[in-house]
Amino acid sequence: MSEYYTLLMALTAFSMLSMLICVNSSGTMTRNKKRYFRLLFVSVAAAALCEWLGICLQGTGGATRGLHIMVKAIELSVAPAIAFLVAEVIEEKNTKGIFAFLAANAALECLSGVFGFIYRVDDGSNYTHAECYWIYIAAYACSILYGICIIARNMKKYQYGGIAFFCMITAFLFFGIGVQLFNADLKIVYITVAIASIMLYVFTLEMIQQTDELTGLINRRGYENYLAHMDEKCIILMFDVDKFKSANDRYGHQFGDLCLREIGNALRANYAKYGKCFRIGGDEFCVIQTKKTEQVDAVNTDFFARMTQSRKKEARMPYVSIGYVPFDPEENNIQDALREADAMMYKYKKEHMETCGDADR
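None of the values given here were measured: they were computed from a predicted structure. Throughout this document, residue positions are counted from 1 along each chain, in the order its sequence is written. Where totals are concerned, whole chains, interfaces and linings use all residues; where local detail is concerned, this predicted model gives features only for residues with pLDDT of at least 70, and gives and counts side-chain atom pairs only at 80 or more. Side-chain metrics in this entry use all non-hydrogen atoms of the structure; hydrogen atoms and water are not considered.

Asks: Please explain the pattern of salt bridges as it appears in this structure.
Replies: Here the idea is simple: oppositely charged side chains can pair when their charged atoms come close. Just to be clear on terms, a salt bridge is a Lys or Arg side-chain nitrogen sitting within 4 Å of an Asp or Glu carboxyl oxygen. Under the criterion given, the structure shown has 11 salt bridges. Two residues, Glu91 and Arg153, come together in a salt bridge whose shortest N-O distance is 2.5 Å. Highlighted residues: Glu91 in the loop between helix H3 (65–90) and helix H4 (96–115) and Arg153 in helix H5 (residues 134–157), separated in sequence by 62 residues. A relative accessible area of 43% places Arg153 in the partly exposed class. Arg120 serves as the salt-bridge partner of Glu131, at 2.6 Å between the closest nitrogen and oxygen. Of this pair, Glu131 sits in the loop between strand E2 (127–129) and H5 while Arg120 sits in strand E1 (residues 119–121); the two residues are 11 residues apart in sequence, bridging distant segments of the chain. Taking the relative accessible area as the measure of exposure, Glu131 reaches 54% and is therefore exposed. Buried means the residue's accessible area, taken with a 1.4 Å probe over protein chains only, is under 20% of the maximum for its type, while exposed means over 50%, and partly exposed covers the values in between. Here Arg120 falls in the partly exposed class, since its relative accessible area comes to 36%. What emerges from the salt-bridge pattern is a single network uniting Asp240, Asp242 and Lys349. Runs of H or I in DSSP of at least four residues are treated as helices and runs of E of at least two as strands, each being numbered from the N terminus.

Okay, here's the thing in structure tokens:
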């Protein structure tokens, strides 16, 4: 075993230890995300250590065979769990099916230590792949594909625009795994996974920092950053919840949060395919519609229809007022456009309150 490989594994373990310290000191992440990131970094370090120990034990004789089997069973059980932990970091589902899948894979790896159908460790403590090694490869591939699908789905859900960064992480990971699959002597999978895990941590922090936790829409920080780079024609829509303070005071903050989540879901369902949706204040929202701007009235109608359906389920659900204006960066100032949309929204709100009371739109 080369000193270079040992150094790589030491760097892998050290980097994961550093990330554990980083996660513990984070003031941004929820407790659940911290827990899954800790499990992720510990799993990477454990799998790397087991691979290193397996190579140390290679050909050392019958006395170490049992230890060698245990080390390989742990490595081949933990490795597929890494991608599932990534998925849990992004989307906390606690899916029983995932744990059943991992438990089944772990059971097969342990049984293979005895019967030798996935891998074998002979009487001389020599490790080799067996005829059913494809079972491990399939489990590993499924876990990676699942993780990629979960990340892609949540990028769409949270309107995160870091697709190029995500693609680079994925390409980097596949490159490292592919190199070791084609040349088993180049042991770079776990240093690759460790670096990809660090990149994923950065990716997740960025997505968290731009997301409003209650509604799942882009938050005020993301809104201001987006406005600073506005360079295309669009429709700016401003939304405000009617009598929200009264509803909050009368029915409690828990009901108020329910209303905001429902409105956020309605905005995302109707407008996200055409642009970006933001929560910019307590009960204030904004949509920057950059696609099919000529259909803005139809989309607004669909939004009101969805809110009407919500109100049939929960009669106390408040109404929402909208004001919108077209924006052309070559002709208008963004702040002027925002003020105009806001003024239009408040004018509409006032007129509606005076003439319609609580009648539907």
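Asks: Explain a nonpolar patch on the surface to me, please; I cannot follow it from the model alone.
Replies: Each patch is built from salt-bridge-free residues with over 30% relative accessible area, joining like charges within 9 Å and nonpolar side chains (Val, Leu, Ile, Met, Phe, Trp, Tyr) within 5 Å. Accessible surface area values rest on a Shrake-Rupley calculation with a 1.4 Å probe, where residue burial reflects the displayed protein chains alone. Together, Leu108, Leu111, Val114 and Phe115 line one region of the surface with nonpolar side chains, adding up to about 400 Å² of accessible area. Within the secondary structure, Val114 is located in helix H4.

Asks: It is not clear to me how the packing of helix H2 (residues 31–57) against H3 should be interpreted in this structure. Could you clarify?
Replies: When two helices pack together, their arrangement is given by the angle between the helix axes and the distance between those axes. Two elements in contact, H2 and H3, have axes separated by 8 Å at closest approach and are oriented at 155°. As judged from the angle between their axes, H2 and H3 are roughly antiparallel. Like other packed secondary-structure pairs, H2 and H3 cross with a definite hand, here left-handed. Per-class residue counts for the contact of H2 with H3 are 18 nonpolar, 3 polar and 5 charged. Convention adopted: a line fitted to C-alpha atoms gives each axis, helices being fitted over their contacting stretch, and angles between N-to-C directions are expressed from 0 to 180 degrees. Should an angle fall under 35 degrees it is taken as roughly parallel, and over 145 as roughly antiparallel, whereas 65 to 115 is taken as roughly perpendicular and any remaining angle as oblique. In this scheme the handedness of a crossing depends on how the near helix is turned from the far one: anticlockwise by less than a right angle means left-handed, clockwise means right-handed. When residues are grouped by polarity, Ala, Val, Leu, Ile, Met, Phe, Trp, Tyr, Cys and Pro land in nonpolar, Asp, Glu, Lys and Arg in charged, and all others, Gly among them, in polar.

Asks: What exactly am I supposed to notice about the environment of Ala266 here?
Replies: Turning to its location among the elements, Ala266 is positioned in helix H10 (residues 253–271). For Ala266, a relative accessible area of 0% corresponds to the buried category. Considered as a pair, Ala266 and Val193 are 73 residues apart in the sequence and their alpha carbons are 38 Å apart. Working rule for contacts: check all heavy atoms of both residues, and any pair within 4.5 Å makes them a contact. Setting aside residues up to four positions removed in sequence, Ala266 forms contacts with Phe303, Arg306 and Met307.

Asks: Explain the packing of aromatic side chains to me, please; I cannot follow it from the model alone.
Replies: Aromatic rings in a pair are described by how distant their centres are and how their planes are angled relative to each other. Within 6.5 Å between ring centres, the rings of Phe, Tyr and Trp (the latter by its six-membered ring) count as paired, and their orientation is classed by plane angle as stacked under 30 degrees, edge-to-face over 60, tilted in between. If you walk through the whole model with that rule in mind, you get 18 aromatic pairs. For the pair Tyr226 and Phe278, a centre-to-centre distance of 5.6 Å together with 55° between the ring planes defines the contact as tilted. Of this pair, Tyr226 sits in helix H8 (residues 220–228) while Phe278 sits in strand E4 (residues 275–279), and the two are 52 residues apart along the sequence. Classification of Phe278 as buried rests on a relative accessible area of 0%.

Asks: Can you walk me through the nonpolar core in this structure?
Replies: Most often, soluble globular proteins keep nonpolar side chains buried together rather than apart. Nine residue types can take part in a nonpolar core, namely buried Ala, Val, Leu, Ile, Met, Phe, Trp, Tyr and Cys, and a core is a set of them joined through side-chain atoms within 4.5 Å. Among the nonpolar cores identified, the biggest contains 57 residues, and Phe37, Leu40, Phe41 and Phe203 are the most heavily contacted of them. Looking at this core, the elements with two or more residues in it are helix H1 (3–24), H2, H3, E1, H5, helix H6 (163–182) and helix H7 (189–209). With 12 residues, H3 is the largest single contributor of residues to this core. If near-sequence neighbours (up to four positions away) are discounted, Leu40 is found in contact with Ile82, Leu85, Val86, Ser197 and Leu200. Listed in part, the 25 residues of the second largest apolar core include Ile235, Val241, Met307 and Met317.

Asks: For this particular structure, what's the right way to read the packing of helix H9 (residues 244–251) against H10?
Replies: Relative to each other, H9 and H10 sit at 135°, their axes nearing to 6 Å. On the basis of the axis angle, H9 is oblique to H10. On H10, the residues touching Phe244, Ala247, Asn248 and Tyr251 of H9 are His253, Phe255, Gly256, Cys259 and Leu260. The residue makeup of the contact of H9 with H10, split by class, is 6 nonpolar, 3 polar and no charged.

Asks: How should unusual backbone geometry be read in this particular structure?
Replies: Note: most residues except glycine have negative phi, and most peptide bonds are trans. We note that Lys243 has phi near 50°; this positive angle belongs to a residue other than glycine. Note on Lys243: relative accessible area 46%, which makes it partly exposed. The phi dihedral of Lys292 is positive, around 50°, even though this residue is not glycine. Turning to its location among the elements, Lys292 is positioned in the loop between strand E5 (284–289) and helix H11 (296–313).

Asks: Where do I start with the environment of Asn265 in this structure?
Replies: For Asn265, the position within the fold is in helix H10. A relative accessible area of 30% means that Asn265 is categorised as partly exposed. Measuring from C-alpha to C-alpha, the distance between Asn265 and Glu109 comes to 43 Å, with 156 residues separating the pair along the chain.

Asks: Explain the state of the cysteines to me, please; I cannot follow it from the model alone.
Replies: Working definition of a disulfide: a covalent bond connecting the sulfur atoms of two cysteines. Whenever a pair of cysteine sulfur atoms sits within 2.5 Å, that pair is classed as a disulfide. Per the counting criterion, the structure on display carries 0 disulfides. A disulfide-free cysteine, Cys259 has its sulfur positioned 18 Å from the sulfur of Cys277, the nearest such atom. Overall, Cys259 belongs to the buried group, its relative accessible area being 0%.

Asks: Looking at this structure, how should I read the sheet that holds strand E6 (residues 320–327)?
Replies: Note on sheets: strands pair through backbone hydrogen bonds, and any given pair is parallel or antiparallel. Strand order in the open sheet made by the 4 strands is E4-E5-E3-E6, with antiparallel pairing throughout. Looking at strand neighbours, the two that pair on one side only are E4 and E6, the edges of this open sheet. Within the sheet, the average angular offset between the axes of one strand and its neighbour, ignoring direction, is 15°. Across the sheet, H10 is in contact with strand E3 (234–241), E4, E5 and E6; its angle to E5 comes to roughly 5°. Two strands qualify as a pair provided that DSSP identifies no fewer than 2 bridges between them.

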